[in-house]
Amino acid sequence: MRIHVVDHPLVAHKLTTLRDKRTDSPTFRRLADELVTLLAYEGTRDVRTEPVDIETPVKPTTGVRLSHPRPLVVPILRAGLGMLDGMMRLLPTAEVGFLGMVRDEETLKASTYSTRMPSDLSGRQVYVVDPMLATGGTLVAAIKELMSRGADDVTALCLLAAPEGVAVMERELAGAPVRVVTSSLDEGLNEYGYIVPGLGDAGDRMYGAAG
Ligand SMILES: O=P(O)(O)OC[C@H]1O[C@H](OP(=O)(O)OP(=O)(O)O)[C@H](O)[C@@H]1O
Ligand SMILES: O=c1cc[nH]c(=O)[nH]1
Ligand SMILES: [Mg+2]
C-alpha cells in the first residue's frame, strides 16, 4: 500500500473552498468534480497502455492507447458518485462498477448494501473513488471485494484522508498492489469518526441529509 498526497496550489485552493461550511451544494459538487480531475492526473500515472501506429498529416509515427482489458472505475455510493464524472472525463473508455456502502455512525463499521460490477476482474486496473478515507473501514472492505474478484492493481482516489485510516489500510492491505492518492492527509479523527479539520459529511454536503 502506497500513499501519494498531491501537493499543488490549485488543489489546495479548491480544497479550501470545499472545506468551508458556507459552500453550498452546487459549488461543493463542482469543486469535487474539478478536484478529482487533478487527482486523477496523478492517480493514472501508471495506467496501462499499448503502442499504436498512426499517421500524422506529416508522417507515420507510433503512439500509445489505453490497453485492454479496460480500466474499471468504481464509485462508492453515495459520495463517490460525485467523483465519477470527473474520473470518466479523463478515462472515457473505462467501464464502471458500483459499490453502495454505508458506515454505521454509531459503531463506525461499514456495510455493503449494493454491488454491481463484473464478477471477474482478473488483470483489470481498478480506480476506486470515494471522497473520504476516515477510519478506513469502507475502503478496506471495498478493496478486499475487488481483489477477491481478481483485481491486481487498485488505486483509490480520496479528497481527504485521515492518518488513522491510512494506518488501517497499511495493516490490512500490507504488500497488496494498492495506491491511495489524496489531496490532503488531515490531522486525524474526532470522537465521532469525522475527519479533522475535514469538510463534514461529504454525502450530505453533495446530496442532502440521508436520514
Ligand atoms: O473510512 P470510513 O470510516 O469507513 O468512512 C468513510 C466513508 O464514510 C462516508 O460514507 P457514508 O457512510 O457517510 O455514506 P454516504 O456516502 O452515503 O454519505 C464516505 O463517503 C466513505 O465512504
Ligand atoms: O469526515 C467524514 C468521515 C466519514 N464520512 C464523511 O463523509 N466525512
Ligand atoms: Mg455520508
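Residues numbered from 1 in each chain as written. Chains lettered and ligands numbered in written order. Predicted model: local features only at pLDDT ≥ 70, side-chain atom pairs only at ≥ 80, totals over all residues. Heavy atoms only, no water.

- As named in an unreviewed UniProt entry, the chain is Uracil phosphoribosyltransferase, taken from Streptomyces coffeae.
- Database annotation for the chain, UniProt heading Catalytic activity (unreviewed entry): "UMP + diphosphate = 5-phospho-alpha-D-ribose 1-diphosphate + uracil".
- The record held by UniProt for the chain lists under Function (unreviewed entry) the comment "Catalyzes the conversion of uracil and 5-phospho-alpha-D-ribose 1-diphosphate (PRPP) to UMP and diphosphate." (UniProt positions renumbered as here; feature names shortened; annotations may be inferred.)

**Overview of the nonpolar core**
One broad rule of soluble globular proteins: the nonpolar side chains tend to lie buried together.
Right, on to step 1. Counting residues in each nonpolar core, the largest one holds 33 residues, and the members touching the most others are Leu-18, Val-73, Met-87 and Leu-157.
Right, on to step 2. If you list the elements that add at least two residues to this core, you get helix 1 (9-19), helix 2 (25-43), helix 3 (84-90), strand 8 (125-129) and helix 6 (202-207).
Right, on to step 3. Top contributing element to this core by residue count: helix 2, with seven residues.
Right, on to step 4. In contact with Val-73, other than residues within four places in its own chain, are Leu-84, Met-87, Met-88, Leu-91, Ala-94, Glu-95, Val-96, Gly-97, Tyr-127 and Val-129.
Right, on to step 5. By size, the runner-up hydrophobic cluster in this structure holds 27 residues, among which are Ala-142, Leu-146, Met-169 and Leu-173. (Core = buried A, V, L, I, M, F, W, Y, C linked by side-chain atoms within 4.5 Å. Buried < 20%, exposed > 50% of the residue type's maximum accessible area, 1.4 Å probe, protein only. Helix = DSSP H or I, 4+ residues; strand = E, 2+ residues; numbered from the N terminus. Contact = heavy atoms within 4.5 Å.)

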